[in-house]
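What the coordinates show
Chain residues, written in single-letter form:
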Amino acid sequence: MSQYKVGTAAVTNGSNVVTGSGTAWLANVSVGDGFILAGVPVPYTVSSVDSNTQIKLSASWSGASDSGAYAIFRDFTSQYNLPELSQGDIETATIWTRAMRLIDQLQAASVVEHENAADPHPQYLLDTRYEQDRLRESLLAEATLNFDFANNKYEVYEGPVDSLTQRPFNGILDYARSGVASARNATGGLTEVAAGDQRLVGNREGLLIEEQRTNKALYSEALNLSPWSSIRLEPVSFNQTIAPDGVNSADEVIQAAGETSAGALGQTVTISTGATTCVSAFVKKNTSRYAMIVIVFGGNGGRAVLDLDTGTIVEQTNFGGFVLSGTLLEEWGNGWYRLGIYGSAAGSSSCRIQLYPALDGPAFNTSATPGDSSYFWGAQIEQGLFPTSYIKTQGSITSRIADACTRTLGAEWSQSEGTLFVEGSLIAEQEDTFSFLDNGSIRRYFYAPGSTNSLFSFDGDNVVSLPLPAGESYTSGVKMAISLTPDSRILAVAGSTNSGPHNGNLLVNAILDFAGYTVSNKIYRRVVFIPRALSASELEVLTA
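Residues numbered from 1 in each chain as written. Predicted model: local features only at pLDDT ≥ 70, side-chain atom pairs only at ≥ 80, totals over all residues. Heavy atoms only, no water.

Moving on: the layout of surface pockets. One simple way to see leftover space: roll a probe sized like a water molecule over the atoms. Estimates place the volume of the second largest pocket at around 270 Å³. Mapped by element, the contributors of at least two residues to the lining of the second largest pocket are strand 12 (181–184), strand 13 (190–193) and strand 29 (398–400). Of the residues contributing to the lining of the second largest pocket, the split by class is six nonpolar, five polar and five charged. (1 Å grid on protein atoms, 1.4 Å probe; cavity = no way out; pocket = protein on both sides within 12 Å on 5 of 7 lines; lining within 4 Å. Points joined across faces, edges and corners; volume = space filled by probe spheres on them. Helix = DSSP H or I, 4+ residues; strand = E, 2+ residues; numbered from the N terminus. Nonpolar A, V, L, I, M, F, W, Y, C, P; charged D, E, K, R; others polar.)

With respect to the helices, strands and loops of the structure, F446 is situated in strand 33 (residues 444–447). With a relative accessible area of 0%, F446 lands in the buried category. Sequence separation between F446 and F456 is ten residues, and the spatial gap between their C-alpha atoms is 5.7 Å. (Buried < 20%, exposed > 50% of the residue type's maximum accessible area, 1.4 Å probe, protein only.)

Before going further, it helps to examine the nonpolar core. Core analysis: the biggest nonpolar cluster contains 40 residues, and F147, F149, Y445 and F446 have the highest contact counts within it. With four residues, strand 36 (residues 478–484) is the largest single contributor of residues to this core. Ranked by size, the runner-up nonpolar core spans 30 residues in total, among them W228, F322, Y337 and I381. (Core = buried A, V, L, I, M, F, W, Y, C linked by side-chain atoms within 4.5 Å.)

Moving on, we come to the sheet that holds strand 24 (residues 312–319). The strand order across the open sheet built from six strands is 17-20-27-22-23-24, with neighbouring strands paired in antiparallel fashion. The outermost strands of the open sheet, each flanked by one partner alone, are strand 17 (229–231) and strand 24. The mean angle between the axes of side-by-side strands here comes to 20 degrees, regardless of whether they run parallel or antiparallel. Pairing between strand 23 (residues 300–307) and strand 24: seven bridges, direction antiparallel. When the sheet's bridge partners are listed, R303 is paired in strand 24 with T317. (Pairing = 2+ DSSP bridges. Axes fitted to C-alpha atoms, helices over the stretch in contact; angles between N-to-C directions.)

As a further point, take the packing of aromatic side chains. Under the counting rule described, the total for this entry stands at 20 aromatic pairs. Taking the centre distance of 5.8 Å and the plane angle of 85 degrees together, the rings of F149 and F514 count as edge-to-face. Taken as a pair, F149 in the loop between strand 8 (145–148) and strand 9 (153–157) and F514 in the loop between strand 39 (511–513) and strand 40 (521–530) lie far apart in primary sequence, 365 residues in all. Accessibility assignment for this pair places F149 and F514 in one class, buried. Linked through ring pairs, F147, F149, Y154, F169, Y175, F514 and Y524 together constitute an aromatic cluster. A cation over an aromatic ring shows up here: R184 above the ring of W332, its NZ or CZ 4.2 Å from the ring centre. If you follow R213 out to its NZ or CZ, it ends over the ring of F386, 5.0 Å from the centre. (Phe/Tyr/Trp six-rings, centres within 6.5 Å; stacked < 30°, edge-to-face > 60°. Lys NZ or Arg CZ within 6 Å of the ring centre and 35° of its normal.)

Now the structure itself:
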């Protein structure tokens with residue numbers, strides 16, 4: 001759009017009022033437009049449009065009083081609000097000069113901002129991360145063994161004829177698990193996995209490896225059946241909404257009419273005396289904002305209160321002689337949460353799970369509103385140091401057998417030198433180890449006792465250790481690697497390294513065992529072997 005310059009304009013020294021003659025400013029001028037009087041090389045900004053013959057400027061006219069031809073420039077660039085010019089415009093030199101000065105000011109401000117930025121400058125860090133990513137990918141490209149569990153891609157070097165070959169999961173790994181299991185699927189729901197099938201969980205999370213567990217709670221999805229019992233509740237209304245597995249099988253648990261003390265639904269099972277036990281259940285809001293799960297060992301126990309509006313545990317406490325190990329909270333989509341609590345009580349051989357569908361407040365209290373309710377499904381009582389994936393039961397206790405996953409090594413492995421890289425996570429901080437080892441021996445590439453928050457490497461004789469850097473967590477996932485020669489090794493985790501001696505045992509290998517050593521409950525995202533002993537600086541980049 002060209003300038004508007006119909007009629008004439010008059011200005012007065014010391015006044016911001018401009019008077020027009022033969023002008024139609026209401027339809028053609030806007031606040032923020034530029035005003036310039038012919039022959040006066042100083043542009044002004046319009047601050048108001050009062051009528052067809054009067055506008056006001058953002059500053060008083062500083063020149064001599066005058067009248068005559070004028071121009072309103074109305075088009076500006078979107079980024080820096082620079083005036084745009086069209087054929088036939090007047091005072092173009094003045095407008096152009098103003099634009100150049102504005103660009104110069106913007107450039108100067110940008111330089112000052114860059115110079116005043118924290119050292120190192122963010123742009124430098126961005127460039128550095130780019131270079132690190134390129135180096136990381138170039139290091140991984142040297143792999144002769146590449147298990148990308150997160151993306152379900154597997155490659156192995158099979159000699160000079162076939163070289164690096166892509167294979168399906170079961171064509172490259174030996175996996176076994178008798179009995180069905182469950183897993184989180186890519187859309188956040190729960191899927192039953194057949195016996196003998198691996199579990200690549202979530203949306204590209206990786207391969208789930210779990211130890212054997214038994215759900216002692218009977219009828220985990222039919223809370224209306226015995227041995228479930230209740231107090232101050234209406235009869236359980238079964239199959240009332242879609243459960244996490246996509247089936248209409250979740251039950252509504254309702255506070256009884258006339259009862260203002262919180263009611264509970266529960267079941268008691270026998271456990272090994274003093275054993276750490278986990279109770280859990282899936283819960284979804286109906287009318288009550290708060291729900292609670294309680295674990296009871298006689299007069300001892302613990303409780304966790306869930307705010308179903310915010311999806312947060314608002315109280316977790318223990319009572320009596322109960323030792324609280326931790327709580328579980330997982331979001332499963334469609335309003336579902338998996339809520340749990342676990343710990344132990346000395347001398348107790350029985351454990352009770354209690355599900356409270358309604359509480360009147362966020363802190364534990366005994367009051368509830370009659371008729372308030374929550375949905376429950378998938379209850380579980382399991383002995384162990386931490387909770388594991390859901391195990392469905394009916395009229396008898398049901399066990400999920402441990403996952404077994406190994407790789408018999410061949411041409412891809414070097415016994416002279418090499419680097420093993422693992423990216424993965426633990427399910428719970430209470431897990432004893434994050435191990436990856438040679439099957440049939442106690443030699444471990446990685447060993448991470450949950451109590452020490454450190455990473456260890458053990459070759460059968462010597463240990464090399466490394467603290468987990470601040471801000472890093474095994475449960476949220478870490479990258480770790482170990483670089484090996486026959487007499488030395490460098491351990492790395494999350495960009496930090498430490499070196500030590502090596503007796504050569506970790507290179508003399510036949511089988512990689514993903515189950516690990518002792519307790520096993522972890523997710524492997526990626527496992528890679530590079531037939532070269534990487535340097536400390538390369539390991540820092542690889543694991544950062």
